[in-house]
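# Structural overview for review
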Amino acid sequence: AQARRPLLGSLACRAAPRPSTRGSATMAVRIAVVGGGGVGGLLAALLARHAQRQEVERAASMKIFLIQRAGPHQAAIAAQGISVRTVSGDGAAESRGAASEFRVSVDVATGATDVGVVDLIILAVKALALPKVVRDMQPLYGAHTKVITLQNSVDAYSYLSRQILDGFRGYHGPDPELEDYGVHCHPNVFPGLARVSAFVDEPGVVGVFPSFAGHDEPSLQIVFGYCPFQMDVSVAGAPSDGGPAGLTLQTVAQILSSVRGLEVVAEHVDVLPALWTKVAIAASCGSICSLTATPTSVITTVPHIGPIIEQTIYEITCVGKRLGVALPEGFEETLCKTIRTLSINGATSQFLWSMQRDIFNGKPSELDWQLGPFVRKARSSGQTATACDIVYGCLLPRELLARQSLTLTWQENVFVPHAAHHSSSRG
């Protein structure tokens, strides 16, 4: 969901301006943003701009690295930095003066080994890229490195947590038939989400739709925090670069909140209700809009579709409560109301969800990471999620075709399917 919404049941704790705790520039916090797409590119640009200003003032507080796979986007960033521009609803560049566009140089690398251990990792890749990215990020991770996950998935943080415990040896994504990563979280992982509509406009350029009223420049909000379902692990040792013993949630929030254009909400009690709120809307609307090939404004006005949306939200709510997620009373009613609001808002009514755009274009999507987790969690907990299961099942063939796990050949006037091994290695 791209429009700003209240945090349902959220105990939001906005960080105060960051106090000086580092002592010298040599103790600057090392931060790696993994993924330079819309969200990651914007975030890296805001952080790098802040770090460079701090360096000019001889009060450097952070060193920023961007990990981006090799390609035209990475090459453009390496050559000329990241350009960030505000765009209007039709994708055209806004004319808002200098504040609406800026360019900043960023230390970009194609692999984690070029960067080494950092204090904070911000995972900003799409969820379907997690299996490969998590396997390759081990050089960034030290005993006390903290990680913020910003994926549109209730499974991203738990998947990462399991990989950390397993020494990053796993290389697989979710299996629609088997995998359920649960809700437990490694103490070094902060589940989170981003609220912004941003995209790679062209190599080296990130376009940002205006997000918040009164913001005249590119900005985003990130929400991250504590998960009450903590894994029982022992964290010992120190990062190999001699950095701090480990950043706390409060310290991370204080550091990031000092960045211009970055609104930080740190959940010190429970971040899961906010995460489930965003993902439930994105998963239900994104999948049903994909299935019907229509924008949000249509699916909420067709009489037969409205009850399906309500049923998927109800089933997601039941799954969450069964697992112990502290979803507030009236959670499903509030989400349905939010979806109706999105459908009549001029800025969002014709919006195409990220999953929907990928499915339309025949690309692998986040189906297995957005709607898939609710289907799997319902099965593993003995619940019935009929609407979610049907919508997921109807979209799955297109997903398998996009991932080349299924092929079709034309033989004797009919399409003949050829199924490859449908395994967890699709990431």
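One can find the structure itself at the top, above this paragraph.
Presented here is an overview of the structure given in this document. Here the structure is a predicted model, which is why all the values come from computation and not from measurement. Position numbers for residues start from 1 in each chain and track the written sequence from start to end. Reporting of local features is limited, given that this is a predicted model, to residues whose pLDDT is at least 70; pairs of side-chain atoms are given and counted only at 80 or more, and all residues count toward the totals for whole chains, interfaces and linings. As a convention, hydrogens and water are excluded, and side-chain values are obtained from all of the structure's heavy atoms.

### As for the overall build of the protein chain
For clarity, the threshold we go by: Strands here mean DSSP runs of E at least two residues long; helices mean DSSP runs of H or I at least four residues long; both are numbered from the N terminus. Burial here depends on accessible area, computed with a 1.4 Å probe over protein chains only, as a share of the maximum for the residue type. Under 20% is buried, over 50% is exposed, and the range in between is partly exposed. What makes two residues a contact is simply this: any of their non-hydrogen atoms within 4.5 Å. All accessibility values rest on the Shrake-Rupley procedure with a 1.4 Å probe; residue burial counts only the protein chains present in the view.
For the protein chain, the helix and strand inventory stands at 13 helices and 15 strands. For the protein chain, buried positions account for 56% of its 427 residues. By sequence separation, contacts in the protein chain at least 24 residues apart represent 77% of the contacts at least 6 residues apart. Carbon together with sulfur atoms contributes 53% to the accessible area of the protein chain, which is approximately 17500 Å² in total.

### Things to note about the environment of Gly 116
Among the structural elements, Gly 116 can be located in the loop between strand S6 (107–109) and strand S7 (120–123). Overall, the relative accessible area of 19% leaves Gly 116 in the buried class. When the C-alpha positions of Gly 116 and Arg 30 are compared, they lie 9.7 Å apart, and in sequence the two are 86 residues distant. Setting aside anything within four residues of it in sequence, one finds Gly 116 in contact with Arg 30, Pro 139 and Leu 140.

### A look at helix H6 (residues 272–292)
Rule in force here: Expected span of a helix: the number of residues minus one, times 1.5 Å.
If you check H6, its first and last C-alpha atoms are 29 Å apart, about what 21 residues at 1.5 Å a residue would give, namely 30 Å. Counted residue by residue, H6 has 19 buried out of 21 residues, so it is predominantly covered. Where H6 terminates, the next one or two residues include Ala 293, which has phi positive at roughly 55°.

### Things to note about the pattern of salt bridges
Our working rule: In the sections that follow, a salt bridge refers to a side-chain nitrogen of Lys or Arg positioned within 4 Å of a carboxyl oxygen of Asp or Glu.
Tallying each qualifying case throughout the model produces twelve salt bridges. For Arg 85, the salt bridge goes to Glu 202, with nearest N and O atoms at 3.8 Å. Taken as a pair, Arg 85 in strand S4 (residues 82–86) and Glu 202 in strand S10 (residues 197–202) lie far apart in primary sequence, 117 residues in all. Of the residues examined, Glu 202 reaches a relative accessible area of 40% and is grouped as partly exposed. For Arg 403, the salt bridge identified is with Glu 399, shortest N-O distance 2.7 Å. A single burial state applies to Arg 403 and to Glu 399, both of which are buried. The structure contains a network of salt bridges with shared partners spanning Arg 85, Glu 101, Asp 201 and Glu 202.

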